[in-house]
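For reference, the chains in residue letters:
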Amino acid sequence: SGSYPWIRLTRRSAAVRSFIRAYANGVCEGCDEPAPFRAGDGEPYLEVHHLHRRADGGADDPSNVVALCPNCHRRRHYGRDGDSFNGNLIAYVESRPF
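Residues numbered from 1 in each chain as written. Predicted model: local features only at pLDDT ≥ 70, side-chain atom pairs only at ≥ 80, totals over all residues. Heavy atoms only, no water.

Draft legend 1. Geometry of helix H2 (residues 70–78). Burial in H2 covers these residues: Cys72, His73 and Arg76. Each buried residue of H2 sits inside an arc of 100° when the element is viewed along its axis, so together they form one side. For H2, exposure combined with an orientation more than 90 degrees from the buried face picks out Asn71 and Tyr78. Where H2 is buried, its residues contact strand E1 (47–50), strand E2 (65–68) and helix H3 (82–94). (Buried < 20%, exposed > 50% of the residue type's maximum accessible area, 1.4 Å probe, protein only. Helix = DSSP H or I, 4+ residues; strand = E, 2+ residues; numbered from the N terminus. Arc of directions from axis to C-beta. Contact = heavy atoms within 4.5 Å.)

Pasting the structure below:
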């Protein structure tokens, strides 16, 4: 982190991000609705969310991420039911075929 030792940057895997967005196929894994719009590259816009924070030892691995629409991603981080919503996402991921 150069001259700022209190800043810890974590590289995210582009391969994991691409894989999970492809797996979601343009549909939010939180609400099962289509992505709300297309990104600049023409792909459906979905944000990748780590179910267990990287800072707490969560892996940058498909088993620890979901593709969420911006509303669901904000719900997880700022919603009154964010923790229980994350628990539902964890249960969903455990049922994936991979």
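Draft legend 2. Structural view of the side chain of His49. Mapping His49 onto the fold places it in strand E1. Judged by its relative accessible area of 3%, His49 falls in the buried class. A polar contact is formed between the side chain of His49 and the side chain of Asn86, at a distance of 2.9 Å. In this structure, His49 is in contact with Asn64, Val65, Val66, Leu68, His73, Arg76, His77, Asn86 and Leu89, ignoring residues within four places of it in sequence. (Polar contact = N/O pair within 3.5 Å; in protein donor to acceptor, adjacent residues only side chain to side chain.)

Draft legend 3. Geometry of a nonpolar patch on the surface. The grouping of Phe19, Tyr23 and Phe98 at the surface amounts to a nonpolar patch, some 280 Å² of accessible area in total. When you line up the elements, Phe98 lands in the segment after H3. Judged by its relative accessible area of 44%, Phe98 is partly exposed. (Patch = residues over 30% accessible without salt bridge, like charges linked within 9 Å, V, L, I, M, F, W, Y side chains within 5 Å. Areas by Shrake-Rupley, 256 points an atom, 1.4 Å probe, with all protein chains shown as cover. Salt bridge = Lys/Arg side-chain N within 4 Å of Asp/Glu carboxyl O.)

Draft legend 4. Region of the structure containing the pattern of salt bridges. Counted according to the given criterion, the structure contains six salt bridges. Put simply, Arg74 and Glu47 hold a salt bridge, and the shortest N to O gap is 3.1 Å. With Arg74 in helix H2 and Glu47 in strand E1, this pair connects stretches of sequence that are 27 residues apart. The class of Arg74 is partly exposed, set by a relative accessible area of 42%. Asp81 is the partner of Arg75 in a salt bridge, and the nearest nitrogen-oxygen pair spans 2.5 Å. A relative accessible area of 28% means that Asp81 is categorised as partly exposed.

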